[in-house]
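Descriptive analysis of the structure
Residue-level listing of the chains:
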Amino acid sequence: MILIADSGTTKTDWRLTCKGATIGAFKTSGVNPYFQTEDEITASIDGELFSQFADYEQITHLFFYGAGCTPEKNTMMSKVFSRLFPNATTSIFSDLMAAAHALCGREAGIACIMGTGSNSCFYDGAAIVKNIPPLGYILGDEGGGVSLGRRLVSDILKDMTSPTLKKKFFDKYQLTAAQIIECVYRQPFPNRFLAGFSPFLAENLAEPEIYGIVYDCFKSFFVRNVMKYDYKSYPAHFAGSVAANYLPVLKQVAADTGVKIGKIHKSPLEGLIEYYNYLIIKDE
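Figured I'd write up the structure that's included with this text.

Next up on the list: the overall build of the protein. In terms of helices and strands, the protein carries 13 helices and ten strands. Against the 2.2 N^0.38 benchmark of 19 Å for 284 residues, the protein shows a C-alpha radius of gyration of 19 Å, consistent with a compact globule. In terms of its C-alpha atoms, the protein occupies a principal-axis envelope of roughly 60 × 45 × 30 Å. A total of 284 residues make up the protein; the buried ones form 48% of that total. In the protein, the share of contacts with a sequence separation of at least 24, taken over all contacts with a separation of at least 6, comes to 66%. When the 27 positive and 29 negative side-chain charges of the protein are each reduced to one mean point, those points stand 5 Å apart.

In structure tokens form, the structure reads like this:
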């Protein structure tokens, strides 16, 4: 059996497959080795994933794609998985490679992630050959859920939105300005907190001021990331909930910047299942 995981800071989606068919779908908390220790990650997966299925000893291949899974962190992740999946051959990749494999397959193109955070690369069909650094939610992550939430909260607290929209926001979330500041500056995972406001933007996208926030954040992602590649020769593909949930704005920004849009997937998992089932069957 093959287990494939797509993990972000907010959540991890797992698919269990056998002979090309999906036989299990699971969801657990996000994993990020930059923010969590080896023991914390082990306990999270052990407690949340194994409570949903107990056949982990039958897994022969584990392909884990995760935010923060860089070469310097993958030694720690390998230790986690050797403890949890002792019989499996494990491969660990970045979440960006998940987008490249799922969206581009074996063809060259620009692969982008727009979820809680954002990232992008140029993929030559076999490897990532260029990557504009995402820089995280403080210095970068343009166009991701964190940047959308940060801009929304900032505009709300600085009275940059209409009184009606401001009241609607506070009625929905029942937060004070002081509580927001506490969550952003003093509590763990402020990126998750800020990204949690993305649904409010989606629900109110018809409001011109909300549309403007999303448009500005997306255009910043295109200008500072996508357009740094050879976007005139290759399409840009997108994976992530933010890309899928704000599709009309994404297409408008692409048209305004001259970027050709390719595939758009809410999750890279279906593409990854196809990618790996092909490789496993081919090897067999």
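A separate point is the nonpolar core. Grouped together as the largest cluster of nonpolar side chains are 41 residues, with contacts concentrated most on Leu152, Phe218, Phe222 and Phe238. Per-element tally for this core: the top contributor is helix H10 (residues 208-224), with eight residues. If sequence neighbours within four positions are ignored, Phe222 has contacts with Met227, Phe238, Leu250, Val253, Ala254, Thr257, Val259 and Ile261. In terms of nonpolar packing, the next biggest core, distinct from the first, is built from 24 residues, Leu3, Leu49, Cys69 and Phe85 among them.

Right, let's talk about the pairing of strand E5 (residues 89-94) for a bit. Bridge analysis of strand E4 (residues 61-66) against E5 gives six bridges, and the strand direction is parallel. Looking across to E5, one finds that Gly66 is bridged to Ser94. Note that the unit made of E4, helix H2 (residues 71-84) and E5 has a crossover that is right-handed.

With that settled, the discussion passes to unusual backbone geometry. With a phi angle near 70°, Leu135 is a residue other than glycine that sits in the positive phi range. The phi dihedral of Phe189 is positive, around 50°, even though this residue is not glycine. Residue placement: Phe189 occurs in the loop between helix H7 (177-185) and helix H8 (190-195).

For the rest of this paragraph, the subject is the sheet that holds E4. Ordered in space as E3-E2-E1-E4-E5, the five strands form an open sheet in which the pairing is mixed. For this open sheet the edge positions go to strand E3 (21-29) and E5, each flanked by a neighbour on one side alone. This sheet shows a mean twist of 15° between the axes of neighbouring strands, independent of strand direction. Across the face of the sheet, H2 comes into contact with E4 and E5 while running at roughly 145° to E5.

In this section: the pairing of strand E1 (residues 2-7). Within E1, six of the six residues are buried, leaving the element largely enclosed by the surrounding structure. Examined bridge by bridge, E1 and strand E2 (residues 11-18) share six bridges and lie antiparallel to one another. Residue pairing across strands places Ile4 opposite Arg15, the latter belonging to E2. A loop of three residues connects E1 with E2, the two strands running antiparallel in sequence. Examined bridge by bridge, E1 and E4 share six bridges and lie parallel to one another. Across the sheet, residue Ser7 finds its bridge partner in E4, namely Gly66.

When you line up the elements, Ser198 lands in helix H9 (residues 198-203). In this structure, Ser198 is in contact with Leu148, Val242 and Tyr246, ignoring residues within four places of it in sequence.

Take the packing of aromatic side chains next. Under the counting rule described, the total for this entry stands at 21 aromatic pairs. Between the aromatic rings of Trp14 and Phe64, the centroid separation amounts to 5.9 Å while the plane-to-plane angle is 55°, which identifies the pairing as tilted. Here Trp14, found in strand E2, pairs with Phe64, found in strand E4; they are 50 residues apart in sequence, far enough to count as distant. With relative accessibility at 0%, the residue Phe64 sits in the buried group. For the pair Tyr173 and Phe197, a centre-to-centre distance of 4.8 Å together with 90° between the ring planes defines the contact as edge-to-face. With Tyr173 in helix H6 (residues 163-173) and Phe197 in the loop between H8 and H9, this pair connects stretches of sequence that are 24 residues apart. Accessibility expressed as a relative area gives 2% for Phe197, which makes it buried.

This part covers the pattern of salt bridges. Taken as a whole and judged by the stated rule, the model has eleven salt bridges. The salt bridge involving Glu38 is made with Arg83; its shortest N-O contact spans 3.1 Å. Of this pair, Glu38 sits in helix H1 (residues 38-48) while Arg83 is found in helix H2, placing the two residues 45 residues apart along the sequence. A relative accessible area of 46% places Arg83 in the partly exposed class. One network of salt bridges, with partners in common, ties together Lys11, Asp13 and Lys27.

Calculation criteria
- Residues numbered from 1 in each chain as written.
- Predicted model: local features only at pLDDT ≥ 70, side-chain atom pairs only at ≥ 80, totals over all residues.
- Heavy atoms only, no water.
- Helix = DSSP H or I, 4+ residues; strand = E, 2+ residues; numbered from the N terminus.
- Rg over C-alpha atoms; globule rule 2.2 N^0.38 Å.
- Buried < 20%, exposed > 50% of the residue type's maximum accessible area, 1.4 Å probe, protein only.
- Contact = heavy atoms within 4.5 Å.
- Lys, Arg positive; Asp, Glu negative; His and termini not counted.
- Charge placed at Lys NZ, Arg CZ, Asp CG, Glu CD.
- Core = buried A, V, L, I, M, F, W, Y, C linked by side-chain atoms within 4.5 Å.
- Pairing = 2+ DSSP bridges.
- Right-handed = clockwise from strand over helix to strand, strands pointing away.
- Axes fitted to C-alpha atoms, helices over the stretch in contact; angles between N-to-C directions.
- Phe/Tyr/Trp six-rings, centres within 6.5 Å; stacked < 30°, edge-to-face > 60°.
- Salt bridge = Lys/Arg side-chain N within 4 Å of Asp/Glu carboxyl O.

Limitation: the analysis is restricted to geometry and does not speak to function.
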